[in-house]
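# Analysis of the macromolecular model
If you want the building blocks of each chain, they are given just below.
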Amino acid sequence: MADIRFDGKVAIVTGAGGGLGRQHALELARRGAKVVVNDLGGSVDGSGGSSAAADAVVAEIKAAGGEAIANGSSVTDDAGVALMVKQAMDAWGRIDVLIANAGILRDKSFAKMEIADFELVLNVHLMGTVKPVKAVWEIMREQNYGRIVVTTSSSGLYGNFGQSNYGAAKLGIVGFMNTIKLEGQKNNIHINAISPVAATRMTENLMPAEVLERLKPEYVTPGVVYLASEEAPTGAILTAGAGAFALSRIYETEGVYLGEGGLSVEEVRDNWAKITDPTGQQAYVAGGEQSGKFFRKLQGG
């Protein structure tokens, strides 16, 4: 089969000054895309800012013969996001790919976490995904083409101690994707999520060096670039790390219909084993077979 290429296409990658975002930007450029390299240049906790990281990645791309421009906007700043999109449109007249990768950490147990830390992480990850998507949405609709990759996490999908803020934001991104995938289909806009495990600034203090060596960002990027390609599915959650890839899905059990007359708390308790029995469970698809099962149960089917 032919190589996946992005010739003539324009991509925006947020949080692309280092780690995963940098690798995504470099690979897209290597495959022919013109790239807007966005990075605020702040620290892991979101403080500070500098254009140096984005400029360095742009220099790498240009040195390899590619085309790129740097943008230092915060993904939470409306004017900054608008400027990022304007830069792409002024330079190249279209936007085909958006990879929403920017993020910060403010890890603490929930008992010790300040609401300000919760709100900031939620704002950067969730609204910092929503705002760039909103900014490119009409452009992609008018083109009848767009590919969007958002970044979720196992902390959102499954939970992780000390990351209630991060986990809430990351699962919120999946909920956002699940609706946008439906609204974008008629205009050939596909949106997918990557759930990466990689050695970056955000994980370097969480794992031993020998583990981090096996979790290079470049082992995640092939999955991201596929999800950004013309051949991409839509609505997929792809987990990736150390060269391994898997699909994560939300499942619903077959369940049990208890009727409506005289329904009690005790009936739920006494049927808990049947309600939670995984036999026959299916991936939930909005408007599809699994969602239809619920209504058939109401009808006694």
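The numbering scheme is per chain: residues are counted from 1 as the chain's sequence reads. Reporting of local features is limited, given that this is a predicted model, to residues whose pLDDT is at least 70; pairs of side-chain atoms are given and counted only at 80 or more, and all residues count toward the totals for whole chains, interfaces and linings. Computation of side-chain values covers all heavy atoms of the structure but excludes hydrogens and water.

Naming follows an unreviewed UniProt entry, where the chain appears as NAD(P)-dependent dehydrogenase (Short-subunit alcohol dehydrogenase family) of Phenylobacterium koreense. UniProt positions are given in the numbering used here, feature names are shortened, and annotations may be inferred rather than shown by experiment. Per its UniProt entry, the chain bears the Sequence similarities (unreviewed entry) comment "Belongs to the short-chain dehydrogenases/reductases (SDR) family."

### Concerning the overall build of the chain
Each helix and strand in the chain was counted, giving eleven helices and ten strands. Exposed residues in this analysis have more than 50% of their type's maximum accessible area, buried residues have under 20%, and partly exposed residues fall in between, with area computed by a 1.4 Å probe over protein chains only. By residue count, 42% of the 301 residues in the chain fall in the buried class. The contact criterion used throughout is that any non-hydrogen atoms of two residues lie within 4.5 Å. Of all intrachain contacts in the chain linking residues separated by at least 6 positions in sequence, the fraction that spans at least 24 positions is 68%. In this description, accessible areas are obtained by the Shrake-Rupley approach with a 1.4 Å probe, and a residue is regarded as covered only by the protein chains that are shown. Accessible area for the chain stands at about 14800 Å²; split by element, carbon and sulfur atoms hold 54% of it. In DSSP terms, a helix is any run of H or I states spanning at least four residues, a strand is any run of E spanning at least two, and both are numbered starting from the N terminus.

### Looking at the nonpolar core
To qualify as a nonpolar core, a set must consist of buried Ala, Val, Leu, Ile, Met, Phe, Trp, Tyr and Cys residues joined through side-chain atoms within 4.5 Å. Formed by 28 residues in total, the largest nonpolar core has its most connected members in Ala 25, Leu 28, Val 35, Val 37 and Ile 61. For this core, the elements supplying multiple residues, two or more each, are β1 (10–13), α1 (19–30), β2 (34–38), α2 (52–63), β4 (97–100), α8 (221–227) and β7 (237–241). Per-element accounting of this core gives the leading share, five residues, to α1. For Ala 25, the contacting residues outside a window of four places in its chain are Val 13, Ala 16, Val 35, Val 37, Val 57 and Ile 61. Ranked by size, the runner-up nonpolar core spans 27 residues in total, among them Val 85, Phe 176, Ile 191 and Ala 193.

### Things to note about helix α4 (residues 115–143)
Helix span, as expected, comes to 1.5 Å for every residue beyond the first. Relative to the 42 Å expected for 29 residues at 1.5 Å per residue, α4 spans 41 Å between its end C-alpha atoms, a close match to the ideal helical length. Downstream of α4 by a residue or two, Asn 144 has a phi angle that is positive, lying close to 55 degrees.

### As for the packing of aromatic side chains
Between the rings of Phe, Tyr and Trp (Trp by its six-membered ring), a pair exists once the centres lie within 6.5 Å; its type follows the angle of the planes, with under 30 degrees stacked, over 60 edge-to-face, and the other angles tilted. Tallied over the full model, the rule gives one aromatic pair. Ring centres of Phe 110 and Phe 118 lie 6.5 Å apart, and the angle between their planes is 80 degrees; this geometry places the pair in the edge-to-face category. Here the basic side chain of Lys 9 rests over the ring of Tyr 145, its NZ or CZ set 5.3 Å away from the ring centre. Two conditions define a charge sitting above a ring: the NZ of Lys or the CZ of Arg must be within 6 Å of the ring centre, and it must be within 35 degrees of the ring normal.

### So, the environment of Val 121
By the secondary structure assignment, Val 121 is in helix α4. The class of Val 121 is buried, set by a relative accessible area of 0%. C-alpha of Val 121 to C-alpha of Lys 170: the two residues are 49 residues apart in sequence and 9.8 Å apart in space. If we skip the residues at most four places from it in the chain, Val 121 touches Ile 104, Leu 105, Arg 106, Leu 126, Asn 165, Tyr 166 and Ala 169.

### A look at unusual backbone geometry
For Asn 188, which is not glycine, the phi dihedral falls at a positive 55 degrees. Position of Asn 188 among the secondary structure elements: in the loop between α6 (164–184) and β6 (189–196).

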